[in-house]
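# Overview (structure and organization)
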Amino acid sequence: MLITLTRTGGFTGIPYAKTIDTTKIDPEKAKGVEEVLVSSHFSKVKPFDSAQGKNSNPDAFTYSISVEREGEIQERTIFENDLDPELRKLISYLQKL
Amino acid sequence: MAICFIVPPHILSAVVKNGNADQKDWAEKSIEISESIRQKRQAFDSLRSLRQELAPAGKQRLIYSANNSTDLPGVEIGTETTPPTDTAGKEAYTGTGATYDLYWTTYQRNSIDNRGMSLLSTVHYSEKYDNAFWDGEQMVYGDGDGQLFTQFTKPIDVTGHELTHGVTQYTANLDYQDQSGALNESFSDVFGSLVKQQSLHQTAAQADWLIGEGIFTSSVHGKALRSMKAPGTAYDDPVIGKDMQPGDMSGYVTTADDNGGVHINSGIPNHAFYLTAVAIGGNAWESAGKIWYETLTTKLKSSANFADCAYATVQSAGEIFGTGSKEEKAVEEAWKKVGVI
Ligand SMILES: [Zn+2]
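The notes below deal with the structure included here.

### Section: empty space enclosed by the protein
Sizing a probe to match a water molecule and rolling it over the atoms shows the empty space that remains. All names here are of chain B. If you walk through the whole model with that rule in mind, you get 1 cavity of 30 Å³ or more. The wall of the largest cavity is formed by Thr99, Tyr100, Tyr103, Ser111, Ile112, Leu119, Leu163 and Val167. At 3 residues, the largest contribution of residues to the lining of the largest cavity is made by helix H3 (residues 87-107). Class assignment of the residues belonging to the lining of the largest cavity gives a composition of 6 nonpolar, 2 polar and no charged.

In structure tokens form, the structure reads like this:
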């Protein structure tokens, strides 16, 4: 599984991106990625609809996460102020890897 | 979840009743999250307005700490009369005070809403958090990751920047997207820089015109996050990349990221402000600052673009300093130089 986390916006305006190939990291950590993906209900986050709007909180982050497995890609964009604790856990887990 | 605050609670309740298993699951979760946040917020807001009624008018700072969680506002660590002792708390207290003072002494604005609203800041937000933001009601500051960024309370202009997002919200309420979003960002940089210049008693010629100077650790190749004097030159580093800001319309960046590059294209109006202030000379907050303040608070619609802002600042300069004044000419020349008019 390839998982990419990107972060845009923020006061600094400096984007951040990270791609993790779970076949190339410690299997324990790869298992951890699977677990946080499941507990965050990532796949149930509604796909971003640009008509739905913009990140209206000045300087807040916008996160995009894409999960690619067996040729299938699932991508979600989430505004910082819409993160629930489980999605926050997913993002911080990926950032710490 | 992306839509938990957008879907009204009664629709969520209907989904819980009538939806399929997946929809029910999602709706229940959404209700749970939004309800707990809403309740907390309501309790806090009533406490804040009660405090405001009891407090004397004028500068009212409240400093909270999230203790590295993401709960807002967190716990109180300082008030106007009992300043915080913690470093980040003290910095937020000082920066917020300097910002209040600029708005009050120079523009006779009583706080963000011009009605003496208490200025609430939460420090130590989240863990290793490289950001500061205005959430519509308060300022929020991270400690920085320590490797690239220090704490976001450190540069005084960051505080001025965040509070100005509040002022913008209560005045022009510029849409946070594309050119109006870049203007929203630019007004925050402008008044952030003026807070710093006033607190250091610097004239336009003496000021460094940098935004976020001191935010980088020594391992980053860069002076600051942005330069109003020379957009695009603030940093150039192998890890974080290069400052992408254009200084005129020929470098305008079209992108879907960052709400249409609001932190990038703000370089153009930032540079117009710098050119105006330097051409007029003296203290920027008393000249160009007055023109920009008048424009932000009385002349712009939410959808204003760069050209709207340019013509409005020329008009403001004429009203404040006289038609045909050197100030009015300086404003017009500046917007021409950056290619907006
Ligand atoms: Zn901003």
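### Looking at the interface of chain B and chain A
Contacts between chain B and chain A engage 39 residues on the former and 30 residues on the latter. Taking both partners together, chain B and chain A bury about 3000 Å²; carbon and sulfur atoms supply 56% of that area. Taken together, the links from chain B to chain A amount to 1 salt bridge. Notably, a salt bridge pairs Lys96 of chain A with Glu127 of chain B, separated by 3.9 Å at the nearest N-O pair. Counting across the interface, chain B meets chain A through 11 residue pairs in polar contact (both at pLDDT 80 or more). At the level of elements, helix H2 (21-54), strand E4 (132-134), helix H4 (156-170) and helix H6 (258-265) of chain B are the ones that each hand at least two residues to the side of chain B that touches chain A. Class assignment for the residues of the side of chain B that touches chain A results in 20 nonpolar, 7 polar and 12 charged.

### Focus on the sheet that holds strand E2 (residues 16-21) of chain A
All names here are of chain A. The sheet built from 4 strands is open, its strands ordered E2-E1-E3-E4 with antiparallel pairing. At either margin of the open sheet sits one strand with a lone partner, and together these are E2 and strand E4 (72-79). Along the sheet, successive strands turn relative to each other by an average axial angle of 10°, direction set aside.

Rules used in this analysis
- Residues numbered from 1 in each chain as written.
- Chains lettered and ligands numbered in written order.
- Predicted model: local features only at pLDDT ≥ 70, side-chain atom pairs only at ≥ 80, totals over all residues.
- Heavy atoms only, no water.
- 1 Å grid on protein atoms, 1.4 Å probe; cavity = no way out; pocket = protein on both sides within 12 Å on 5 of 7 lines; lining within 4 Å.
- Points joined across faces, edges and corners; volume = space filled by probe spheres on them.
- Helix = DSSP H or I, 4+ residues; strand = E, 2+ residues; numbered from the N terminus.
- Nonpolar A, V, L, I, M, F, W, Y, C, P; charged D, E, K, R; others polar.
- Contact = heavy atoms within 4.5 Å.
- Buried area = accessible area lost by both parts, 1.4 Å probe.
- Salt bridge = Lys/Arg side-chain N within 4 Å of Asp/Glu carboxyl O.
- Polar contact = N/O pair within 3.5 Å; in protein donor to acceptor, adjacent residues only side chain to side chain.
- Pairing = 2+ DSSP bridges.
- Axes fitted to C-alpha atoms, helices over the stretch in contact; angles between N-to-C directions.

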